[in-house]
Amino acid sequence: MSDWRLGLSCAVAVLVVACPCALGLATPMAVIVGTGRGAELGILIKDAKVLEIAGQLDTVVLDKTGTITEGTPRIVDVHPAEGVTAHELLATSAAVEHLSSHPLASAVIHKAQELGLELPPATELSIEPGGGIKAICQGRQVLVGNERLLDQFQIELPGDTRLFVRDSRDEGRQVLLVAIGEKFAGTLIAEDSVTPNASQAVEELKQLGLRVVMLSGDKRTTAERIAATVGIQEVIAEVLPEDKAGHVVRMREDGYTVAMVGDGINDAPALATAHLGIALGTGADVAIEAADVVLVHHDLRAVAKAIRLSRQTLRTIRQNLFWAFAYNVLLLPLATGMFMPWMGFRIPPALAAVAMAASSVSVVTNSLLLRLRRIA
């Protein structure tokens, strides 16, 4: 072959081999397959960058109510104070709670409806952050909440009641204290069961090498009891709704890459503040809007699935990039004819085209293998 024909053949081979198709496909193909696989598993990923962030996580913060627990507590005991009947305590509390959207409010209302109680009218709802609620019912001020709320309004709580409240919380129950007028009226005891798969979900997160933290507005004794049930050692309790995001910020400042998992309106700022916000699809609309990932089903095990999927997607991207670069590094010198004087071999344009197509096919095939890999 004449020199100019050889030179032209080498030039065409170099142009074909150097085509960056494989490099261009390496990342988007893996991301497309990864997000599609997530959708099949009930994990809705809003942005491709989420896959990269999720693969780098080292800390997962779990909200308690509605996330670790079912979020649908039920009233299991009614303890009226002296001079107050159980029906009066429950009906008045339910009338006030009817103005609220808190999960415990639904539990009180449901219990009153179960007993067929008629609810008096209530007005002037006032939410006391971290304490409870205040309203007017039949011309009297009614408070429903915790000790902080009663102390704020200087309502004296009997000593034996304080002991009973402490014991109830030690058993993992939630306690609502009620004051009617200027006097303590009684307590309502609620239970919120842990979701069936919460313990397994926490164990799976630990197996991934992640630090698991529970964040709760409940009293420490109640929060620690629930945490111990599902295997969480680190608990941040008695957190005001507006302080949840602050705890996430402090973790970020300490150098942790943080995922926040929640479902309520109060969780939305923390979901938006975390490196990765994960909301349960059964939660509040504002939480779903603030999150980066939405779990269609109320199953905490999907959090570990999302992280495993992200890690596998990142691994696939790195593999794709390696093979794409290796293809260019190995074939470009051969396409230029650099080794012809010693080996008498070069890559002609036709073979270069086959190799270029093969590199793109290998990247696409490796990405599609994500659909076959075990995530659960």
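As a reminder, the structure under discussion sits directly above these lines.
Residues numbered from 1 in each chain as written. Predicted model: local features only at pLDDT ≥ 70, side-chain atom pairs only at ≥ 80, totals over all residues. Heavy atoms only, no water.

### Describing the overall build of the protein
For clarity, the threshold we go by: Strands here are runs of E lasting at least two residues and helices are runs of H or I lasting at least four, both read from the DSSP assignment and numbered beginning at the N terminus. Throughout this description, buried means an accessible area under 20% of the type-specific maximum (1.4 Å probe, protein chains only), exposed means over 50%, and partly exposed covers the range between. Contacts were defined at the residue level, with two residues in contact if any of their heavy atoms lie within 4.5 Å. Exposure was quantified through the Shrake-Rupley algorithm and a 1.4 Å probe, taking into account, for residues, occlusion by the shown protein chains and nothing else.
The secondary structure content of the protein amounts to 16 helices and 13 strands. Classification of the 376 residues of the protein by burial places 48% in the buried group. Within the protein, counting contacts between residues at least 6 apart in sequence, those at least 24 apart form 64% of the total. Summed over all atoms, the accessible surface of the protein reaches about 17800 Å², with 57% contributed by carbon and sulfur.

### Details of the environment of Gly262
Tracing the chain through its elements places Gly262 in strand E11 (residues 258-262). The spacing of Gly262 and Ala287 is 25 residues in sequence and 7.4 Å in space, taken between C-alpha atoms.

### Some thoughts on the sheet that holds strand E1 (residues 43-45)
The criterion, for reference: At least two DSSP bridges between two strands are needed for those strands to be called paired. Only the stretch in contact is used when fitting a helix axis, every axis being a line fitted to C-alpha atoms; angles between N-to-C directions are given from 0 to 180 degrees.
Taken in spatial order, the 7 strands of this open sheet run E1-E13-E12-E11-E2-E9-E10, and their pairing is mixed. In the strand order of this sheet, the two ends are held by E1 and strand E10 (234-236), each with one partner. When strand polarity is set aside, the average angle formed by the axes of neighbouring strands in this sheet is 20°. Of the pairings in the sheet, the one linking strand E9 (residues 211-215) to E10 comprises 3 bridges and is parallel in character. In the strand pairing of E10, Met214 is matched with Val235.

### Quick word on helix H8 (residues 159-170)
Quick reminder of the rule: Each residue after the first adds 1.5 Å to the expected span of a helix. Throughout, the arc means that of the directions going from the helix axis to the C-beta atoms.
Spanning 12 residues, H8 covers 17 Å between terminal C-alpha atoms, matching the ideal 16 Å at 1.5 Å per step. Burial in H8 covers these residues: Thr161, Val165, Ser168 and Arg169. The buried residues of H8 occupy an angular sector of 95° when projected down its axis, which confines them to one face. Opposite its buried face, H8 presents the exposed residues Gly159 and Asp160, each directed more than 90 degrees away. Along its buried surface, H8 packs onto helix H7 (147-152), strand E7 (174-180), strand E8 (183-191) and helix H10 (220-230). Two residues or fewer after H8 comes Gly172, characterised by a positive phi angle close to 85°.

### Some details on helix H11 (residues 244-253)
Listing the buried residues of H11 in full gives Lys244, Ala245, His247, Val248 and Met251. Down the axis of H11, the buried side of the element spans an arc of 160°, and every buried residue falls inside it. Of the surrounding secondary structure, the elements contacted by the buried residues of H11 are strand E2 (59-63), E9, E10, E11 and helix H12 (268-273). Positive phi shows up at Gly255, right after H11, with a value of about 95°.

### Examining the sheet that holds E7
As a general point, the strands of a sheet are linked pairwise by backbone hydrogen bonds and lie either parallel or antiparallel. Spatially, E3-E8-E7-E6-E5-E4 is the arrangement adopted by the 6 strands of the open sheet, whose pairing is antiparallel. The open sheet terminates on both sides in strands that have one partner only, identified here as strand E3 (74-80) and strand E4 (122-128). Here the average twist between neighbouring strands, direction ignored, is 20°. As judged from the 6 bridges shared by strand E5 (residues 132-137) and strand E6 (residues 140-145), these two strands associate in the antiparallel manner. Bridge pairing links Gly132 to Gly145 in E6. Running at roughly 10° to E8, H8 makes contact with E3, E7 and E8 of the sheet.

### Structural notes on the packing of helix H5 (residues 86-97) against helix H6 (residues 103-114)
In plain terms, the rule: We call two directions roughly parallel when the angle between them is under 35 degrees, roughly antiparallel when it is over 145, roughly perpendicular when it lies between 65 and 115, and oblique otherwise. Handedness of a crossing is defined here by the sense of rotation of the near helix relative to the far one, left-handed for an anticlockwise turn of less than a right angle and right-handed for a clockwise turn. The residue classification treats Ala, Val, Leu, Ile, Met, Phe, Trp, Tyr, Cys and Pro as nonpolar and Asp, Glu, Lys and Arg as charged. All others, Gly included, are polar.
For the pair H5 and H6, the least separation of the axes is 8 Å and the interaxial angle reads 135°. Considering their axes alone, H5 and H6 lie oblique with respect to each other. Here H5 runs over H6; the crossing is left-handed. Between H5 and H6, the contacting residues are Leu90, Ser93, Ala94 and Glu97 on the first element and Ala105, Val108, Ile109, Lys111 and Ala112 on the second. Each residue belonging to the contact of H5 with H6 can be placed in one class, and the counts come to 6 nonpolar, 1 polar and 2 charged.

### A short note on empty space enclosed by the protein
Selection criterion: A 1.4 Å probe that fits into a set of points on a 1 Å grid over the protein atoms alone but cannot get out defines a cavity; an open set with protein on both sides within 12 Å along at least five of seven lines defines a pocket, and lining residues are those with an atom within 4 Å of a point. Grid points are joined across faces, edges and corners, and a volume is the space filled by probe spheres set on the points.
What the rule picks out here adds up to 1 cavity of 30 Å³ or more. Empty space within the largest cavity amounts to approximately 50 Å³. Lining the largest cavity we find Ile45, Val50, Leu51, Ala54, Leu276, Val293, Ala306, Ile307 and Ser310. Of all the secondary-structure elements, those providing two or more residues to the lining of the largest cavity are helix H3 (49-54) and helix H14 (301-335).

### Side note on the pairing of E5
With respect to burial, E5 is a largely interior element, 5 of its 6 residues being buried. Across 5 bridges, E4 lies against E5 in antiparallel orientation. Bridge pairing in E5 links Ala122 to Cys137. Counting the residues in the hairpin turn of E4 and E5 gives 3 residues, including Gly130, whose phi is positive at 75°. Connecting the antiparallel pair E5 and E6 is a turn made up of 2 residues, with Gln138 showing a positive phi of about 55°.

### Digging into a nonpolar patch on the surface
The criterion, for reference: Like-charged residues within 9 Å of one another, or nonpolar side chains (Val, Leu, Ile, Met, Phe, Trp, Tyr) within 5 Å, are grouped into patches, provided each residue has over 30% relative accessible area and no salt bridge. Any Lys or Arg side-chain nitrogen found within 4 Å of a carboxyl oxygen on Asp or Glu counts as a salt bridge.
On the surface, a nonpolar cluster with roughly 250 Å² of combined accessible area is contributed by Leu99, Leu125 and Ile127. Within the secondary structure layout, Leu99 lies in the loop between H5 and H6.

### Description of unusual backbone geometry
Phi angles above zero are rare outside glycine, and Gln138 is one such case at about 55°. By secondary structure assignment, the location of Gln138 is in the loop between E5 and E6. Its identity is not glycine, yet Glu238 carries a phi of approximately 55°, on the positive side. With respect to the helices and strands, Glu238 occurs in the loop between E10 and H11. Overall, the relative accessible area of 39% leaves Glu238 in the partly exposed class.

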